[in-house]
Amino acid sequence: MSSTKEKLIAHVSKEEPAGPTNKVTVVGVGMVGMAAAVSILLKDLTDELALVDVMEDKLKGEVMDLQHGSLFLKTHKIVADKDYSVTANSKVVVVTAGARQQEGESRLNLVQRNVNIFKFIIPNIIKYSPNCILLVVSNPVDILTYVAWKLSGLPRNRVIGSGTNLDSARFRHLMGEKLGIHPSSCHAWVIGEHGDSSVPVWSGVNVAGVSLQGLNPDMGTDNDKEDWKSVHKMVVDSAYEVIKLKGYTSWAIGMSVADLCESILKNLRKCHPVSTLVKGMHGVNEEVFLSVPCILGNTGLTDVVHMTLKPDEEKQLVKSAETLWGVQKELTL
Amino acid sequence: MKRPDVQWITVTSSSLSLPEAGTRDGSLIHCSAPYSRQQQPAMLVSCWCLYLGAQRLYRHVLSMASVVQKLITPLFSGTLEPPRNKVTVVGVGQVGMACAVSVLLRDLADELALVDVVEDKLKGEMMDLQHGSLFLKTPKIVSGKDYSVTANSRVVVVTAGVRQQEGESRLNLVQRNVNIFKHIIPQIVRYSPNCILIVVSNPVDVLTYVTWKLSGLPKHRVIGSGTNLDSARFRYLMAERMGIHPSSFNGWILGEHGDSSVPVWSGANVAGVSLQKLNPDIGKDTDKENWKETHKKVVDSAYEVIRLKGYTNWAIGLSVADLTESLMKNLNRVHPVSTMVKGMYGIGDEVYLSLPCVLNSAGVGSVVNMTLTGDEISQLKKSADMLWHIQKDLKDL
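Residues numbered from 1 in each chain as written. Chains lettered and ligands numbered in written order. Predicted model: local features only at pLDDT ≥ 70, side-chain atom pairs only at ≥ 80, totals over all residues. Heavy atoms only, no water.

Describing the interface of chain A and chain B
One frequent convention defines the size of an interface as the accessible area lost when the parts assemble.
Phase 1 of the analysis: With 58 residues of chain A in contact, the opposing surface of chain B contributes 62 residues.
Phase 2 of the analysis: Each partner contributes to the roughly 5,800 Å² buried at the junction of chain A and chain B, and carbon and sulfur atoms together form 68% of this total.
Phase 3 of the analysis: Counting every contact that joins chain A to chain B gives six salt bridges.
Phase 4 of the analysis: B:Glu304 is the partner of A:Lys60 in a salt bridge, and the nearest nitrogen-oxygen pair spans 3.8 Å.
Phase 5 of the analysis: Between the two partners, chain A and chain B, sit 27 residue pairs in polar contact (both at pLDDT 80 or more).
Phase 6 of the analysis: Elements supplying a minimum of two residues to the side of chain A that touches chain B: helix 1 (4-8), helix 2 (31-42), helix 3 (56-68), helix 6 (165-179), helix 7 (212-215), helix 8 (229-246) and helix 9 (251-265) of chain A. (Contact = heavy atoms within 4.5 Å. Buried area = accessible area lost by both parts, 1.4 Å probe. Salt bridge = Lys/Arg side-chain N within 4 Å of Asp/Glu carboxyl O. Polar contact = N/O pair within 3.5 Å; in protein donor to acceptor, adjacent residues only side chain to side chain. Helix = DSSP H or I, 4+ residues; strand = E, 2+ residues; numbered from the N terminus.)

Focus: the sheet that holds strand 9 (residues 249-250) of chain B
One key point about sheets: their strands pair by backbone hydrogen bonds, in either a parallel or an antiparallel sense.
All names here are of chain B.
Phase 1 of the analysis: Read across the sheet, three strands follow the order 9-12-13 without closing on themselves; strand pairing throughout is antiparallel. The open sheet has two free edges, formed respectively by strand 9 and strand 13 (273-274), since each of these has just one partner strand.
Phase 2 of the analysis: As defined by bridge partners, strand 12 (residues 269-270) adjoins strand 13 across two bridges and the pair is classed as antiparallel. Note on strand 13: the bridge partner recorded for asparagine 269 is serine 274. (Pairing = 2+ DSSP bridges.)

Description of the UniProt feature "active site" (unreviewed entry) in chain A
Residues and elements named next belong to chain A.
Phase 1 of the analysis: Here, the residues flagged by UniProt with the feature "active site" (unreviewed entry) are His194.
Phase 2 of the analysis: Note on placement: histidine 194 falls in the loop between strand 8 (190-192) and strand 9 (198-200).
Phase 3 of the analysis: Engagement of the side chain of histidine 194 in a polar contact is seen with the backbone oxygen of glycine 163, the distance being 3.2 Å. (UniProt positions renumbered as here; feature names shortened; annotations may be inferred.)

A few points about the pattern of salt bridges
Phase 1 of the analysis: Following the criterion strictly, the structure yields 28 salt bridges over all chains and no others.
Phase 2 of the analysis: The partner of A:Lys23 in a salt bridge is A:Glu48, with the nearest N and O atoms 3.1 Å apart. Here the residue A:Lys23 occupies a position in the loop between helix 1 and strand 1 (24-27), and A:Glu48 occupies one in strand 2 (residues 48-52), the gap between them amounting to 25 residues. The two residues A:Lys23 and A:Glu48 agree in class, both being buried.
Phase 3 of the analysis: A:Lys233 is the partner of A:Asp237 in a salt bridge, and the nearest nitrogen-oxygen pair spans 2.8 Å. On the criterion of helical spacing, the pair formed by A:Asp237 and A:Lys233 is a turn pair, its members being four residues apart in helix 8.
Phase 4 of the analysis: Looking at A:Asp237, the relative accessible area reads 29%, which means it is partly exposed.
Phase 5 of the analysis: Each of A:Lys58, A:Glu62, A:Asp65 and B:Lys309 takes part in a single network of salt bridges with overlapping partners. (Buried < 20%, exposed > 50% of the residue type's maximum accessible area, 1.4 Å probe, protein only.)

Side note on the UniProt feature "domain: Lactate/malate dehydrogenase C-terminal" (unreviewed entry) in chain B
Phase 1 of the analysis: The feature "domain: Lactate/malate dehydrogenase C-terminal" (unreviewed entry), as given by UniProt, occupies residues 227-391 of chain B in the numbering adopted here.
Phase 2 of the analysis: In residues 227-391 of chain B, helix accounts for 42% and strand for 21%; the two terminal C-alpha atoms are 19 Å from one another.

Points about the pairing of strand 6 (residues 155-158) of chain B
Residue and element names in this part refer to chain B.
Phase 1 of the analysis: Burial along strand 6 is two-sided: Val155 and Val157 facing one way and Val156 and Val158 facing the other are all buried.
Phase 2 of the analysis: With four bridges joining them, strand 3 (residues 86-90) and strand 6 adopt parallel strand pairing. The partner of valine 90 across the bridge, within strand 6, is valine 158.
Phase 3 of the analysis: Bridge count for strand 6 against strand 7 (residues 196-199) is four bridges, and the pairing is parallel. The residue of strand 7 that forms the bridge with valine 157 is isoleucine 198.

A short note on the domain arrangement of chain B
Residue and element names in this part refer to chain B.
Phase 1 of the analysis: When the domains of chain B are assigned, the result is domain 1 (86-224) and domain 2 (227-392).
Phase 2 of the analysis: Taken over C-alpha atoms, the centre of domain 1 sits 23 Å from the centre of domain 2.
Phase 3 of the analysis: At the junction of the two partners, domain 1 supplies 38 residues and domain 2 supplies 43 residues.
Phase 4 of the analysis: In this assembly, domain 1 packs against domain 2 so that about 3,500 Å² is buried in total across both faces, 68% of it on carbon and sulfur atoms.
Phase 5 of the analysis: Linking domain 1 with domain 2 are one salt bridge, by the criterion used here.
Phase 6 of the analysis: Glutamate 350 serves as the salt-bridge partner of lysine 213, at 3.2 Å between the closest nitrogen and oxygen.
Phase 7 of the analysis: Remark: the boundary between domain 1 and domain 2 carries six residue pairs in polar contact (both at pLDDT 80 or more).
Phase 8 of the analysis: If you list the elements that add at least two residues to the side of domain 1 that touches domain 2, you get strand 3, helix 4 (94-105), strand 6, strand 7, helix 7 (204-215) and strand 8 (222-224). (Domains from an automatic or database assignment.)

Below is the structure:
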């Protein structure tokens, strides 16, 4: 007695179906992890998505909810487990796990809590996906990207921090509002530390190649009548403000992660401001990760664009590096 | 006629790159009447002084003009056109935000408005979405407690209301949500009298009826998300058993969204091959393969996900975006959504139940007449009776 399926479908291929070609794992199914997962799914970036977390019920609920939307998606396999074996053969692993900033808490305060979590997570990821590219999102992202790099043993091109990709996106949004232009046509780079001491590179701010600082030499200074400096301040304050209003931020970071994943998975070689090892650049002598414009492709972060920075901009980077190193050297890895 | 012994010095505003301010006729600054050769040096000096003065004026004006004015020359300064593809989401809870993000990531709208009563949460959600605008193609995202932000919407998605508690049936939510709708619906219609309303809040069939009554809109412009999600879940689970993609498995769940939804087994097919013809017992208790279990899993899905993570949102958000796409793009696709079924299948009451509806830019363009078995029709009628039983006691509609 053959089953309905056997009567309906005749299997003709002798080959086993090939494994995933573009698998993405998201570690941590909190608000940020799920926002990243949904953004990746809705952009059709992957043929398999794996979710991992320690909270089993929440994890199962989230994966079921996503699977129920399969009809509307083009990602055929969505899996989840507490055990990292589900993450095997991932091309990109997005790490969002960790404690989140409380209202008013700075990112640096989270460090030790999150380092301990990483000591468990990172080796497990590498065990099942030794050739993956790690994309670290958890805060403080620059320090945790360093931690992930050390714990994973991966070469530096395979460990990327989401860094100031989001800060730059926020800046470009605010710039777009000020000029009445879509953010994608407003070019600006915010580099350095993701957080309070990020550096807006005013000389690079342009629309259609027209340097705004050329039109307004006071841009970014305290003398500026148009107060562009407050645009950068709003970027720095954004996260705290959104956390104050809704408890956490999720959508923007989720979309920015999907943007980075797209460049990696499709080998676009697009330039993004992400966190990478900057020792030897811009006067930084410590082994720290800071955001600079990087080229992303399917082997990860292959090249860094060398920006021409003003002396005080470089000084800020050096200062951030020193602060980060001050925290990093106290960590037990 | 130009005299050869005269030097004309013309200085145009364009050569000075002066903005509109500064020049009277906007084109030329002439040195005045021709001077004789003897007076040329004096004339040159005065023209040079004029040039220097103009340069000072230019620098002064430049320092006054903002970066925007220097960067951009406006060509059109009429009033901006109203949005053509505006979507409003009422309620910024988990479901509302999942709908909003799905609509944004599918590039369906040129403007998105969010409304809620909790102002901080509302502002926070709007800001979070706006911060992602670099990655989106929806240039305007607005929010407010006041419904004026929703003006000129084409589609309004209503997710406001209280959610099912663990173990609570959808029907228990009714009166709590009716009172909320009495405030929401008239305001929506006031600002977007030509919109199409998609009701998502549960119990969706009753609340779609309530919305229809409160809005005064014609029935084809009020849709309930209905069994669109149940059918999506059904197709996913059935397709998993078959080893194929859900979109290649065709199956319809109709009727009430919830415990008494009706799986139309006669319609279940892959590539036009009816499963019921291959297995006449399909869906019955006698079925050795127990396909009925799959429908039961669909009904239990919502409760299961709520038990595990506290609520459901991603799947319903994606399904609402799917409906919105058909409406916005005038696709005439068929979806199982909740519509007014009085007069069909022997139903005499004004109730909303899910049937296969053709959705286009007018709303429900038409309804597909599914051939249902006697048993399936009686299930629909039973649902209709139950819904009417609740609806008739609702006050102030």
